[in-house]
Amino acid sequence: MLETGLILRALARNKVGALLIALQIALTMTIMVNAIFMIQDRQQQMQRDSGLDEANTFYLTNTVFAQDYNIQAHLQTDLHTIRNTPGVIDAVQINAIPLSSSGWSMALQHESGEDKDAIGSAIYMVDEHAINSMGLELIAGSNFSQADIELRKDGQSTWPAKTIITKAFAENLYPDDWQSAIGKTVYISQTQPMQIIGVIKALQAPWNGWDGVERSMLVPFQRESKGSYYFIRTEAGRRDELMPIIEKVLAESDKQRIIRRVTTVEDTRLRSYRQHNATNKILSTVIITLTLITGFGIVGLAIFSINRRTKQIGTRRALGATKGQIMRYFMMENFIISAFGNMIGCLGAVALNMWLVHTFSLSPISFELIAFGVVTLFIVGQLAVLYPARKAAMIAPATATRTM
Amino acid sequence: MFSYYLRLAWISILRHWGLSLLMVCAIGLGIGAAMTTVTVNYLMSADPIPEKSQQLYYVQLDSWDVNDPFDDGLNPPDQLTFTDSSNLMRAKKAFRQNVQAQAFGVIEPNDPEMLPLIVNGRANSADFFPMFNVPFIYGSGWSNESDESKEFVVVLSKETNDKLFGGENSVGKAIKLEGNMFRVVGVIDTWQPKPRFYDISTGAFNDSEDIFVPFHLIADEKISRSGNTNCWKPSGDGFKAFLASECIWTQFWVELKTEQDKADYQQFLNAYVQEQKQFGRFQRPLDNRLSNVMQWLESQEVVADDAQMMMAMSFMFLIVCLLNTVGLLLAKFLGKAPEIGLRQALGASKSTLFSQYIIESACIGILGGVLGLILAYLGLKGVEGLYGDYMKGLASLDANMAIFAVLLALISTILAGLYPTWRACNIQPAQQLKNQ
Amino acid sequence: MLVMKNINKIFQTADIQTHALRDFCLQVNEGDFVSVTGPSGSGKTTFLNIAGLLETYSNGEFLLDGEDVGKLNDNGRSRMRNQKIGFIFQGFNLIPDLNLYDNVDVPLRYRGFNGKERKRRIEENLERVGLASRMKHLPSQLSGGQQQRVAIARALATDPRFLLADEPTGNLDSEMAQSVMSLLEDINQQGTTIIMVTHDAQLAQRAKRTIQVKDGRVSELAIVTPHLNQAIA
């Protein structure tokens, strides 16, 4: 039995109440869809592959404070010590840590010269142990050889002749065929040639908010600098046990420097995405509370409108309506209101998204998400009205003969 | 009459306690959410130095690449080259001027038992301290003469002084920093401007520094610089070449007392750039800016996108909660139609009915506001816990915010109550009584 | 035909038992017009509720049109109300949000008639009570007597065997009461069995048969002679 017409006419006489619920649903929809969208956006960012063997790697900072200190000799001793510690797979000196939010960047260009287009990339200065130490995957070309590694002094402006870049960077440089990057010469610092000898699958830059976060390059440098990182990879499951051991060995071997910030890559990831995680949790709380408020609002209003219509419902029962028909009436009424609210909500969601796209340069929302929002709110509405509708169905038909 | 209405409101709230609870919760949640985000935004965009934020100006000069503008041409570079800041410093055309950069170093304590200490530092000019009203416990900043004669002087933070000297007056004592002996001239009291307006290039909400040393030490390679460096043109080999390069890594602040001083300084900057153009530098069109503290914070978008987005959302959330309340109040007041009819029959005028129901709305609003305050307090605790250091000091309610919360709740609930009250007042008494 | 044998209705609250009907026996034949009177609290509303299948009884036997009411479940009783019984209430019980047309439509919807049939019945019955011209009006735009006429139209729209009227003139002034009463007599003339609860002795006299309920039991007072009845009509 279709009562839609009757319900619509009854609703039309009580516009404000219905409109209030519809508006609530619409706003809930607007906020929910956009909040979910933002959560998904952040989650996608967080799920990007860093390229590292995150579970089994850690790093520490080495800060030399002594004057007249043979940095180069100590570096070789340190690396030798770490690499030969049982349980360590490999270790490397590096100038920056992926996702740590501080690092170096330079730009590469196809042609030499001052006003040529260049693409920025993160710079990691490492030796031939980098791929093994960081757990990277070389997918084309070759690794550095020991002979490629140059010594770099602070303030030096010349660059080595070879580099290994990430696949994403290769795709940016050679959009037609990233594999063609191997053997090509590119220019760093506007005029210095560099040959691409290898491509690694992935390695993220230090800055997670940068749109070029997938673009990184390895440069065969060992730095003669008072401050540097050692990046260490251990056998599976032995990281936590080795961290204090290596810290102690290094600290005790040489008192003229400070070993600090012994940190796992996993912690760095957590810290890097802490704001993302926090924002996501807050947004989730917003969605849940909002849905609850709207749900309870529907329950409250439905109970009230049913209380007000007790006699009417009793009369309907007296006139032959079954319990099911009474229930269906209220479910249908809610469905119609929800449909109206959802319609406005879709427009609202798109409008808010447009504003977000404009103000915060987010990307546009997907159709599936809006569909999800619509379905969810229909379900919430129907669930919310279930209890009041059951209450309505329980109203005794004899209510009709009672004088109130 | 007012107390009578209050009593009626209270009876009514208790009688429909479920519905009242729902409304109070809805308003409380809405206010709580709104207040949490408003507080974060309010603290992020607070004036960190209200007494003179109008007189402190950050200097920007467009020294960038003629082919490829900085920030897509929207803003000139956010820092200055060493060359330019040194020139401006030497010119001394402002009431006070300060060149600065971030630095770091290792302190070797006098006590050989103590481990060396890595400290975050600021390399700055003598004017830094009076310019930014830095509070001192002991001593003071160094003088311009100390800068000129390149003395090795240092100002310690309270925390560093506690670590190195157990909190005693250390003025006149020496510390070994990066292998050199420095004389302590002052100890700063707890000083944590939020945002850390004097240097937002490395994080607007970072802690202030452990030590402060003269800027010239960087050029003399007595202390290492850190912070952001941005170059558009390769520099030559070595540190001297770096200092002479077009890389930007210094920040320059001036204190100008009047609008006239500001205009004069602007003129001076333009003249300076014109002069530099003769050496082949500054090939872009003239774009030199003087931004006061708040203008500077705004142009650097110190208030995080997330915070603004959340505030927008939380206000929509509040609107949902208010719509909820309008609906529930409407249901409640219309449910009282017979009572309203009776009251009218007994002589209540529309205005007395209006007062009665508006007061009932306001009561719910105040209850909601109080709940909202509690929720905002918890919400801010949660925000602080979730965001960690980033939100430290940005998540606390002050009296202003508390009053604002209750007022917001009160006003929004009264607004929400207007329509239902109006409907209730327009109920026809005759009809209600007939159907009794 | 309506047959009640030894119907008992006991209301059970925490520790008090109230006997609303005691061994209530009554037979109402096809085409009858029975008025039920009694002081308030005598059980006449309970009788009407049970007769109209609005309430269940505690024990006894109740046959409506040959069907054992005791064996019906809730849905069965709804169906029976819809098909065989028409109600007229003291408070009219029109649905305020719906216009006259839609109000009369309510039971027809539950009956499941198609649109054409519903339209025919609505128009025919509103015509019958003289309100065909005001189909689009809301109940609040009508006088009490007119509202009760709509309620009667609604009751008749399903062609019920029985019309149960609960103080149908209780909320009306005497002039309107007279016209509603005449309408009921017309309807009875056309073959619908009417059971009317009232406390107005004068109105009760206009029924063919009057019974009195006292302490939950029936006591038949008088059988109104047909000629008198006709004289009034």
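Student: Explain the overall build of chain B to me, please; I cannot follow it from the model alone.
Tutor: For chain B, the count of helices and strands is 15 helices and 12 strands. Its C-alpha radius of gyration of 31 Å places chain B more than 25% over the 22 Å reference for a compact globule of 436 residues. Projected onto the principal axes, the alpha-carbon positions of chain B cover approximately 100 × 55 × 35 Å. Counting the 436 residues in chain B, one finds 51% classified as buried. Put simply, 76% of the contacts in chain B that link residues at least 6 apart link residues at least 24 apart. Seen as two clouds, the 34 positive and the 45 negative side-chain charges of chain B have centres 10 Å apart.

Student: I tried to follow the overall build of chain C on my own but got confused; where do I start?
Tutor: On a plain count of helices and strands, chain C comes out with 8 helices and 10 strands. Computed over its C-alpha atoms, the radius of gyration of chain C comes to 18 Å, within 12% of the 17 Å expected for a compact globule of 233 residues. Expressed along its principal axes, the backbone C-alpha trace of chain C runs to roughly 50 × 40 × 35 Å. Looking at chain C as a whole, 54% of its 233 residues qualify as buried.

Student: What should I look at first to understand the packing of aromatic side chains in this one?
Tutor: Two measures describe an aromatic ring pair: the distance that separates the ring centres and the angle between the ring planes. Residue and element names in this part refer to chain B. One pass over the full model with this rule turns up 37 aromatic pairs over all chains. An angle of 55 degrees between the planes, with centres 6.3 Å apart, marks the rings of Trp-64 and Trp-232 as tilted. Linking Trp-64 in the loop between strand S1 (56–60) and strand S2 (80–81) with Trp-232 in the loop between strand S10 (224–226) and helix H8 (238–244), this pair joins segments that are 168 residues apart in sequence. This pair shows no difference in class: Trp-64 is buried, exactly as Trp-232 is. Cluster of aromatic residues (ring-pair linked, three or more members): Tyr-58, Phe-128, Phe-129, Phe-132, Phe-136, Trp-142, Trp-191, Phe-197, Tyr-198, Phe-212, Trp-253 and Trp-296.

Student: In this structure, what is going on with the side chain of B:Glu255? I would like to understand it.
Tutor: All names here are of chain B. By the secondary structure assignment, Glu-255 is in strand S11 (residues 248–255). Given the relative accessible area of 1%, Glu-255 is considered buried. A polar side-chain atom of Glu-255 sits 3.1 Å from a polar atom in the side chain of Lys-52. Setting aside its immediate chain neighbours within four residues, Glu-255 contacts Lys-52, Gln-55, Leu-56, Ala-94, Phe-95, Arg-96 and Met-131.

Student: When you look at the packing of helix H3 (residues 100–111) of chain C against helix H4 (residues 115–128) of chain C in this model, what are you seeing that I'm missing?
Tutor: The angle between the axes and the distance between the axes are what describe a pair of packed helices. All names here are of chain C. Here H3 crosses H4 at 130 degrees, and the two axes come no closer than 10 Å. Looking at the two axes, H3 sits oblique to H4. By crossing handedness, the relation of H3 to H4 is classed as right-handed. Contacts between H3 and H4 involve Tyr-101, Val-104, Asp-105, Leu-108 and Arg-109 on the former and, on the latter, Arg-118, Lys-119, Arg-121, Ile-122 and Leu-126. Here the residues of the contact of H3 with H4 are counted per class, giving 5 nonpolar, no polar and 5 charged.

Student: Would you explain the interface of chain B and chain A in this entry?
Tutor: Interfaces are often sized by the amount of accessible area the parts lose when they come together. Listed as interface residues are 52 residues of chain B and, on the opposing side, 49 residues of chain A. Together, the buried faces of chain B and chain A total about 4300 Å²; carbon and sulfur atoms form 74% of this surface. It is B:Met309, B:Met313 and B:Leu386 that lose the most area in chain B upon contact with chain A, and together they represent 15% of the buried surface on that side. Seen at the junction of chain B and chain A, the total is 10 residue pairs in polar contact (both at pLDDT 80 or more). Contributions of two or more residues to the side of chain B that touches chain A are made by helix H2 (17–44), strand S3 (96–108), strand S4 (117–124), helix H11 (305–335), helix H13 (350–387) and helix H14 (399–425) of chain B. It is H11(B) that provides the largest number of residues to the side of chain B that touches chain A, a total of 21 residues.

Student: Before we go on, may I ask you to explain empty space enclosed by the protein in this structure?
Tutor: One way to see where empty space is left: roll a probe the size of a water molecule over the atoms. All names here are of chain A. For the structure shown, the criterion picks out 3 cavities of 30 Å³ or more. Its volume calculated, the largest cavity comes out at about 70 Å³. Lining the largest cavity are 13 residues, and of these Asn-62, Ile-71, Leu-75, Ser-225 and Tyr-230 lie nearest its centre. Put simply, the parts of the chain that give the lining of the largest cavity at least two residues each are strand S1 (57–64), helix H3 (71–83) and strand S11 (227–234). Among the elements that make up the lining of the largest cavity, the one with the highest residue count is H3 (4 residues). Per-class residue counts for the lining of the largest cavity are 5 nonpolar, 5 polar and 3 charged.

Student: What is the right way to look at a positive patch on the surface in this model?
Tutor: Residue and element names in this part refer to chain A. Judged by side-chain charge, Arg-261, Arg-271, Arg-274 and Lys-281 come together as a positively charged surface patch. Position of Arg-274 among the secondary structure elements: in helix H8 (residues 274–308). For Arg-274, a relative accessible area of 36% puts it in the partly exposed group.

Student: Sorry if this is basic, but what is going on with unusual backbone geometry here?
Tutor: Both trends apply: most residues other than glycine have a negative phi, and most peptide bonds are in trans. Going from B:Lys194 to B:Pro195, the amide bond is cis rather than trans, its omega being -10 degrees. Its identity is not glycine, yet C:Leu53 carries a phi of approximately 60 degrees, on the positive side. With respect to the helices, strands and loops of the structure, C:Leu53 is situated in the loop between helix H1 (44–51) and strand S4 (59–64). A relative accessible area of 1% means that C:Leu53 is categorised as buried. A positive phi angle is found at C:Asn93, which is not glycine, with a value near 55 degrees. Tracing the chain through its elements places C:Asn93 in the loop between strand S6 (85–88) and H3.

Student: Whenever I open this one, the interface of chain C and chain A confuses me. Can you help?
Tutor: If you look at the interface, chain C gives 28 residues, while chain A gives 24 residues. Both sides of the chain C and chain A interface together cover about 2500 Å² of buried area, and 56% of this is carbon and sulfur. It is C:Asp97, C:Arg109 and C:Tyr110 in chain C that bury the most area against chain A; as a group they hold 29% of the surface buried on that side. At the surface where chain C touches chain A, the tally comes to 1 salt bridge. If you look at where chain C meets chain A, you find 8 residue pairs in polar contact (both at pLDDT 80 or more). Contributing elements (two or more residues each) for the side of chain C that touches chain A: H1, helix H2 (74–84) and H3 of chain C. For the side of chain C that touches chain A, a count of residues per class yields 11 nonpolar, 8 polar and 9 charged.

Student: Explanation requested: the domain arrangement of chain B in the structure shown.
Tutor: Residue and element names in this part refer to chain B. When the domains of chain B are assigned, the result is domain 1 (2–45 + 304–434) and domain 2 (56–299). Here the C-alpha centre of domain 2 lies 50 Å away from the C-alpha centre of domain 1. Buried area between domain 1 and domain 2, summed over both chains or domains, comes out near 470 Å², and the portion from carbon and sulfur atoms is 57%. Area buried by domain 1 at its contact with domain 2 is led by Met-44, Lys-392 and Leu-394, which between them contribute 58% of it.

Student: When you look at the packing of helix H2 (residues 15–47) of chain A against helix H10 (residues 323–360) of chain A in this model, what are you seeing that I'm missing?
Tutor: Residue and element names in this part refer to chain A. With their axes 7 Å apart at the nearest point, H2 and H10 run at an angle of 40 degrees to one another. Taken together, the axes of H2 and H10 lie oblique to each other. The handedness of the crossing between H2 and H10 comes out as right-handed. In the contact of H2 with H10, the residues fall into 17 nonpolar, 8 polar and no charged.

Student: Looking at this model, I keep getting lost on the pairing of S4(C). Mind explaining?
Tutor: The side chains of a regular strand alternate between both faces of the sheet. Residues and elements named next belong to chain C. Sheet topology note: the strand S1 (residues 2–12)/S4 ladder contains 5 bridges and is antiparallel. Paired with Met-4 across the two strands is Phe-62, which belongs to S4. Looking at chain direction, S4 and strand S5 (residues 67–68) are connected through 2 bridges and run antiparallel. Residue Leu-64 lies in a different strand from S5, and its bridge partner there is Glu-67.

Student: How do you make sense of the state of the cysteines when you look at a structure like this?
Tutor: Residue and element names in this part refer to chain B. A full pass over the atoms with the stated rule returns 1 disulfide over all chains. Through a disulfide, Cys-231 is tied to Cys-247; the S-S separation comes to 2.1 Å. Residues Cys-231 and Cys-247 share a disulfide whose torsion about the S-S bond is about 110 degrees; that sign makes it right-handed. On the criterion of sequence distance, the pair formed by Cys-231 in the loop between S10 and H8 and Cys-247 in the loop between H8 and S11 is long-range, its members being 16 residues apart. Here Cys-231 falls in the partly exposed class, since its relative accessible area comes to 41%. Take Cys-321: it sits in no disulfide, and the sulfur closest to it among the cysteines is that of Cys-25, at 10 Å.

Each value, and the rule that gives it
- Residue numbering note: each chain is counted from 1, following its sequence as written.
- Here the convention is simple: chains get letters from A, ligands get numbers from 1, in the order in which they are written.
- The model is predicted, so local features are restricted to residues of pLDDT at least 70 and side-chain atom pairs to those at 80 or more, both for listing and for counting; the totals for chains, interfaces and linings are taken over all residues.
- As a convention, hydrogens and water are excluded, and side-chain values are obtained from all of the structure's heavy atoms.
- Under the scheme used here, helices are H or I runs from DSSP no shorter than 4 residues and strands are E runs no shorter than 2 residues, and both carry numbers assigned from the N terminus.
- The reference for a compact globule is 2.2 Å times residues^0.38; the radius of gyration itself is calculated from the C-alpha atoms.
- Partly exposed residues are those whose accessible area sits between 20% and 50% of the maximum for their type, while under 20% is buried and over 50% is exposed, using a 1.4 Å probe and protein chains only.
- Throughout, a residue-residue contact means that at least one pair of heavy atoms, one from each residue, lies within 4.5 Å.
- In this tally, Asp and Glu contribute negative charge and Lys and Arg positive charge; neither His nor the terminal groups of the chain are included.
- For the purpose of locating charges, the reference atoms are NZ of Lys, CZ of Arg, CG of Asp and CD of Glu.
- Here a pair means two rings of Phe, Tyr or Trp (six-membered ring of Trp) with centres within 6.5 Å. Their orientation is stacked below 30 degrees between planes, edge-to-face above 60, and tilted elsewhere.
- For this analysis, a polar contact is any N or O atom pair within 3.5 Å, provided that within protein one partner can donate a hydrogen and the other can accept it, and provided that sequence-adjacent residues contribute only side-chain to side-chain pairs.
- Here, axes are lines fitted to C-alpha atoms. For helices the fit covers the stretch in contact, and angles between N-to-C directions go from 0 to 180 degrees.
- The cut-offs work like this: below 35 degrees is roughly parallel, past 145 is roughly antiparallel, 65 to 115 is roughly perpendicular, and the gaps in between are oblique.
- In this scheme, a crossing is called left-handed if the near helix is turned counterclockwise away from the far one by less than a right angle; it is called right-handed if the turn is clockwise.
- Residue type decides the class: Asp, Glu, Lys and Arg count as charged, Ala, Val, Leu, Ile, Met, Phe, Trp, Tyr, Cys and Pro as nonpolar, and the leftover types, Gly among them, as polar.
- Buried area counts how much accessible surface, traced with a 1.4 Å probe, disappears from two parts once they are put together, with both parts' losses summed.
- The way it works is a 1 Å grid over only the protein atoms, where trapped points that fit a 1.4 Å probe form a cavity and open points with protein on both sides within 12 Å along at least five of seven lines form a pocket, and then any residue with an atom within 4 Å of a point lines it.
- Grid points are joined across faces, edges and corners, and a volume is the space filled by probe spheres set on the points.
- In this analysis, a patch consists of residues with relative accessible area above 30% that form no salt bridge, clustered at 9 Å for like charges and at 5 Å for the nonpolar side chains Val, Leu, Ile, Met, Phe, Trp and Tyr.
- In this description, accessible areas are obtained by the Shrake-Rupley approach with a 1.4 Å probe, and a residue is regarded as covered only by the protein chains that are shown.
- Any carboxyl oxygen of Asp or Glu within 4 Å of a side-chain nitrogen of Lys or Arg constitutes a salt bridge here.
- Residue ranges assigned to the domains are those given by an automatic or database domain assignment.
- By definition, two strands form a pair when at least two bridges between them are found by DSSP.
- In this description, a disulfide is simply a cysteine sulfur pair whose atoms lie within 2.5 Å.

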